[in-house]
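Structural characterization, general
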Amino acid sequence: MAETCRRKLEASVLLLSFFFQSGIIILISSECSVLLYETMEKYAVKRRNSPQSLQQQRCLNNGTCQAGYTDKGFSCKCPYGFTGAFCSKACSFDFEDGIADWEMTGRAFIYQPTFGDNPTYRRRESANLQGDWWIGGAEKRPSESDTAGVQHSNGPDVPQGTLTSPCFRIVGKNISFLIGGGCDLGNVRAELIVDNQVVRNETGNCSETMFRKSWDVEEFIGQYAQVRLVDESSGGYVHINFDDLKGDIICPDDLDEIN
């Protein structure tokens, strides 16, 4: 009798699950009641541990869950534009982890990134930074313990130089960023470089406050790109503030995986 009950229950467990979830009462014999509970419990555990269920529980932003690859028992394969253990972080350059992978020339950016809203300690307007760290061409506060409000030791607008991002791939229509500082496009600007050519540029608004600007990059989908910050003048208000580069891009750490 027990074996007969088990075979019948296992064969119809999906239907039984539907009935229970729908609030439909099913009358079964006492001999099958214990086996019914055991079978339904096994089915529930199997569903909870399925890749689809793991994805719903843990992987965000349409990430795909892969069971058994890490000490957590799963890993998330993130879609383009997202990173992190749970695909929760959009691909961006926000300088919260420094600028170790950026290439620097000259002295304009030797004290970067800057910690905190440094201009406000000089009673200037807020930089409107994202997070705790940003690029402030006139600033000299490369660690939290440094004195707040201090500016570049060579003078806030004297040093020249460039700061170039790691390579990333464009996979959509838009790239955006925060930019402020000088407003002389010929001398201080952010550039988008594709195939060794400057294809877009933007400058600040003659204020320490950074504002969100964006580039339409649909024509460059599938191509590799970099962003370069440029300070080419030693006179006037010509430093650059920059932060939170993000958009339809694949982060550098993800490029090897998809190539």
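Just above, that's the structure.
Presented here is an overview of the structure given in this document. (Residues numbered from 1 in each chain as written. Predicted model: local features only at pLDDT ≥ 70, side-chain atom pairs only at ≥ 80, totals over all residues. Heavy atoms only, no water.)

Considering the state of the cysteines
Selection criterion: Note that a disulfide, as used here, is simply two cysteine sulfur atoms within 2.5 Å. Where helices and strands are cited, they refer to DSSP runs of H or I of at least four residues and of E of at least two residues respectively, numbered from the N terminus.
Under the criterion given, the structure shown has 2 disulfides. Here Cys183 connects covalently by a disulfide to Cys206, the sulfurs 1.8 Å from one another. Looking along the S-S bond of the Cys183-Cys206 disulfide, the torsion reads about -55 degrees, which is the left-handed sense. Of this pair, Cys183 sits in the loop between strand E10 (168–181) and strand E11 (188–194) while Cys206 sits in the loop between strand E12 (197–202) and strand E13 (207–216); the two residues are 23 residues apart in sequence, bridging distant segments of the chain. There is no disulfide at Cys65, and the cysteine sulfur nearest it, in Cys59, is 4.3 Å away.

Describing the pattern of salt bridges
Under the convention used in this document: Salt bridges, as used here, are contacts in which a Lys or Arg side-chain nitrogen is within 4 Å of a carboxyl oxygen on Asp or Glu. In this scheme, a residue with accessible area under 20% of its type's maximum is buried, one over 50% is exposed, and one in between is partly exposed, where area comes from a 1.4 Å probe on protein chains only.
For the structure shown, the criterion picks out 9 salt bridges. With a closest N to O distance of 2.7 Å, Glu191 and Arg228 form a salt bridge. Residue Glu191 is located in strand E11, and its partner Arg228 is located in strand E14 (residues 224–231); the two are separated by 37 residues in the primary sequence. Among the residues examined, Glu191 registers a relative accessible area of 5% and is labelled buried. Between Glu219 and Arg200 there is a salt bridge, with the nearest N and O atoms lying 2.8 Å from each other. Of this pair, Glu219 sits in the loop between E13 and E14 while Arg200 sits in strand E12; the two residues are 19 residues apart in sequence, bridging distant segments of the chain. According to the relative accessible area criterion, Arg200 is partly exposed, its value standing at 21%. Through salt bridges with shared partners, one network takes in Arg189, Glu191, Arg228 and Glu232.

Observations regarding the side chain of Glu208
Defined as follows: Pairs of N or O atoms are called polar contacts if they sit within 3.5 Å, as long as, within protein, a hydrogen donor faces a hydrogen acceptor (for residues adjacent in sequence, only side-chain-to-side-chain pairs). The contact rule is simple, with two residues in contact once any of their heavy atoms fall within 4.5 Å.
For Glu208, the location among the structural elements is in strand E13. Separated by 2.8 Å, the side chains of Glu208 and Tyr237 make a polar contact. Contacts of Glu208, omitting those with residues within four sequence positions, involve Pro119, Arg124, Glu125, Ser126, Ala127, Glu139, Tyr237, His239 and Asn241.

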